[in-house]
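Here's the letter readout for the chains.
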Amino acid sequence: EDNSFFDNKLFKFIYSFHMPLFMLISGYLFSESVKKGNFSFVIKKKSKTVMIPLISFSLIHFLKNLITKISYGEDVSFHWVVKRCLSDFFNGPWFLWAIWLCSLIVLIVRSYMKDSILVYLTGFIISYIVPEYGQICLYKFMYPYFVCGYLVGKKHFLKKKNLVVKD
């Protein structure tokens, strides 16, 4: 019996919402993070929290490929090492790059454009115009979920703050 991964109904069900939900939650939590410091503090902190796992994953993936290449008796050139390292880093877990890029966009809009809904909507519309290249299609798909999570979180935390003030 052929039990293809993509023919599995449970797999299809989970994959229909798991990344959008992850981005909604990430945006929601980011709405609280941006209150803890200025632009440079938040971007440095977000870069650390995203880049450390990204670099770790890339290094593990690179070592796996290196060991495989050596075990097959293939030559390992300096060119191959550089190309493989860069590829593993930039093509690593795309969702981490998506979080980092969405965080950067939200932080810029928040800091310099006062969280303008019009700017967020314009970004969404522009994302449909940007050509599909590499993993950009994945980032574009995640942007609205991250921004919606951020805006809901911002509204939720503002209401929570107002309730505390009134008591």
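I will try to describe carefully the structure that is included in this document. (Residues numbered from 1 in each chain as written. Predicted model: local features only at pLDDT ≥ 70, side-chain atom pairs only at ≥ 80, totals over all residues. Heavy atoms only, no water.)

**Thoughts on the pattern of salt bridges**
Within the structure shown, the criterion is met by five salt bridges. Residue Glu132 is joined to Lys140 by a salt bridge in which the shortest nitrogen-to-oxygen separation is 2.7 Å. (Salt bridge = Lys/Arg side-chain N within 4 Å of Asp/Glu carboxyl O.)

**A few points about the side chain of Ser103**
Following the sequence through the fold, Ser103 ends up in helix α5 (residues 94-113). If near-sequence neighbours (up to four positions away) are discounted, Ser103 is found in contact with Phe30, Lys46 and Phe146. (Helix = DSSP H or I, 4+ residues; strand = E, 2+ residues; numbered from the N terminus. Contact = heavy atoms within 4.5 Å.)

**Notes on unusual backbone geometry**
A positive phi angle, close to 55°, is found at Lys114, a residue other than glycine. Topologically, Lys114 is positioned in the loop between α5 and α6 (117-129).

**Side note on the nonpolar core**
Among the nonpolar cores identified, the biggest contains 26 residues, and Met23, Phe30, Val106 and Tyr120 are the most heavily contacted of them. Listing elements by their share of this core, those giving two or more residues are α2 (18-33), α3 (39-71), α5 and α7 (136-166). Counting residues per element, this core draws most heavily on α5, at ten residues. Apart from the residues within four sequence positions on either side, Tyr120 is in contact with Val106, Val109, Arg110, Asp115, Tyr143, Val147, Tyr150 and Leu151. (Core = buried A, V, L, I, M, F, W, Y, C linked by side-chain atoms within 4.5 Å. Buried < 20%, exposed > 50% of the residue type's maximum accessible area, 1.4 Å probe, protein only.)

**Concerning the packing of aromatic side chains**
Centre-to-centre distance and the angle between the planes together describe a pair of aromatic rings. The final tally for this structure, using the stated rule, is 15 aromatic pairs. Summarising the aromatic geometry, the rings of Phe13 and Phe17 are spaced 5.2 Å apart at their centres and angled 65° between planes, so their arrangement reads as edge-to-face. Owing to a relative accessible area of 33%, Phe17 belongs among the partly exposed residues under this scheme. Their ring planes at 35° and their centres at 5.9 Å tell us that Phe62 and Trp80 sit as a pair that is tilted. Taken as a pair, Phe62 in helix α3 and Trp80 in helix α4 (residues 78-90) lie far apart in primary sequence, 18 residues in all. On the basis of relative accessible area, Phe62 is assigned to the buried category, the value being 9%. (Phe/Tyr/Trp six-rings, centres within 6.5 Å; stacked < 30°, edge-to-face > 60°.)

**Looking at the side chain of Lys140**
Structurally, the position occupied by Lys140 is in helix α7. At 2.8 Å, the side chain of Lys140 forms a polar contact with the backbone oxygen of Ser127. Among the polar contacts listed, one links the side chain of Lys140 to the backbone oxygen of Val130, at a separation of 2.8 Å. Residues in contact with Lys140, not counting those within four places in the same chain, are Ser127, Tyr128, Val130 and Glu132. (Polar contact = N/O pair within 3.5 Å; in protein donor to acceptor, adjacent residues only side chain to side chain.)

In short, the description is geometric, and any link to function would need to be established separately.
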